[in-house]
Amino acid sequence: MYDIIFVKYKEGFIMQIEMLYSKIHRATVTEANLNYIGSVTIDKKLIKKAGLKVGQKVEIVNINNGERFSTYVIEGKKNSGIICLNGAAARKAEVGDKVIIIAYAIFHKKELKKFNPTVIFVDKKNKIKEIKDYV
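Residues numbered from 1 in each chain as written. Predicted model: local features only at pLDDT ≥ 70, side-chain atom pairs only at ≥ 80, totals over all residues. Heavy atoms only, no water.

Caption draft 1: Region of interest: the side chain of Thr41. Relative to the elements of secondary structure, Thr41 occurs in strand 4 (residues 39-43). Within polar-contact distance, the side chain of Thr41 engages the side chain of Asn86 at 2.9 Å. The contacts of Thr41, once residues within four sequence positions are left out, are Ile74, Glu75, Gly76, Ile82, Ile83, Cys84 and Asn86. (Helix = DSSP H or I, 4+ residues; strand = E, 2+ residues; numbered from the N terminus. Polar contact = N/O pair within 3.5 Å; in protein donor to acceptor, adjacent residues only side chain to side chain. Contact = heavy atoms within 4.5 Å.)

Caption draft 2: Molecular detail of the packing of aromatic side chains. Enumeration over the complete set of coordinates arrives at two aromatic pairs. When the ring of Phe107 is compared with that of Phe115, the centres are 4.4 Å apart and the planes differ by 40°; the resulting orientation is tilted. The class of Phe107 is buried, set by a relative accessible area of 8%. (Phe/Tyr/Trp six-rings, centres within 6.5 Å; stacked < 30°, edge-to-face > 60°. Buried < 20%, exposed > 50% of the residue type's maximum accessible area, 1.4 Å probe, protein only.)

Caption draft 3: Expanded view of a nonpolar patch on the surface. On the surface, Tyr36, Ile37 and Tyr72 cluster together to form a nonpolar patch covering roughly 350 Å² of accessible area. Under the relative-accessibility criterion, Tyr36 is labelled partly exposed at 40%. (Patch = residues over 30% accessible without salt bridge, like charges linked within 9 Å, V, L, I, M, F, W, Y side chains within 5 Å. Areas by Shrake-Rupley, 256 points an atom, 1.4 Å probe, with all protein chains shown as cover. Salt bridge = Lys/Arg side-chain N within 4 Å of Asp/Glu carboxyl O.)

Caption draft 4: Molecular detail of the side chain of Thr28. Structurally, Thr28 can be placed in strand 2 (residues 12-28). A polar atom in the side chain of Thr28 sits 3.2 Å from the backbone oxygen of Lys124. Not counting residues up to four positions away in its chain, the partners in contact with Thr28 are Ile83, Gly96, Asp97, Lys98, Asp123, Lys124 and Asn126.

Caption draft 5: Representation of the environment of Met15. Position of Met15 relative to the elements: it lies in strand 2. For the pair formed by Met15 and Ile120, sequence separation is 105 residues and the distance between their alpha carbons is 29 Å.

Caption draft 6: Region of the structure containing the pairing of strand 6 (residues 68-76). Here strand 4 pairs with strand 6 via four bridges, running parallel. Considered in strand 6, the bridge of Thr41 is made with Ile74. Note: strand 5 (residues 57-62) against strand 6, five bridges, orientation antiparallel. Its bridge partner being in strand 6, Ile60 is matched across the sheet by Phe69. Between strand 5 and the antiparallel strand that follows it, strand 6, lie five residues; Gly66 among them carries a positive phi value of about 85°. (Pairing = 2+ DSSP bridges.)

Written as structure tokens, this is what we have:
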């Protein structure tokens with residue numbers, strides 16, 4: 001899935017494409033906190049290895065129920081394995097559900113020749129099993 005965006009420069013229009021940047025695959029929801037402002041809290045180590053930034057928009061896909069929604073990243077304790085849906089997002093999953101946390105970025109066509117997304121595979125406790133640089 002991607003969007004194509006055209007940006008006007010002096011030289012004319014340049015096509016940019018929104019593509020997968022990174023994802024944390026099949027993470028387990030460890031907490032759901034309805035009484036929080038919003039977002040998803042992610043283990044600091046997972047954030048770093050996935051190349052995410054605090055405050056970055058991410059899409060979350062719930063494998064158990066098919067829900068798909070957007071929120072933003074909050075940093076959790078390093079090596080804690082935390083994946084906590086906060087605020088309204090807490091209604092979209094239950095503790096124990098499997099989710100995919102996806103980040104997209106906008107690339108110029110030329111950048112895509114050298115870019116591969118980061119895919120983090122985790123175990124049941126959200127510890128990193130494998131990191132791949134392709135889809």
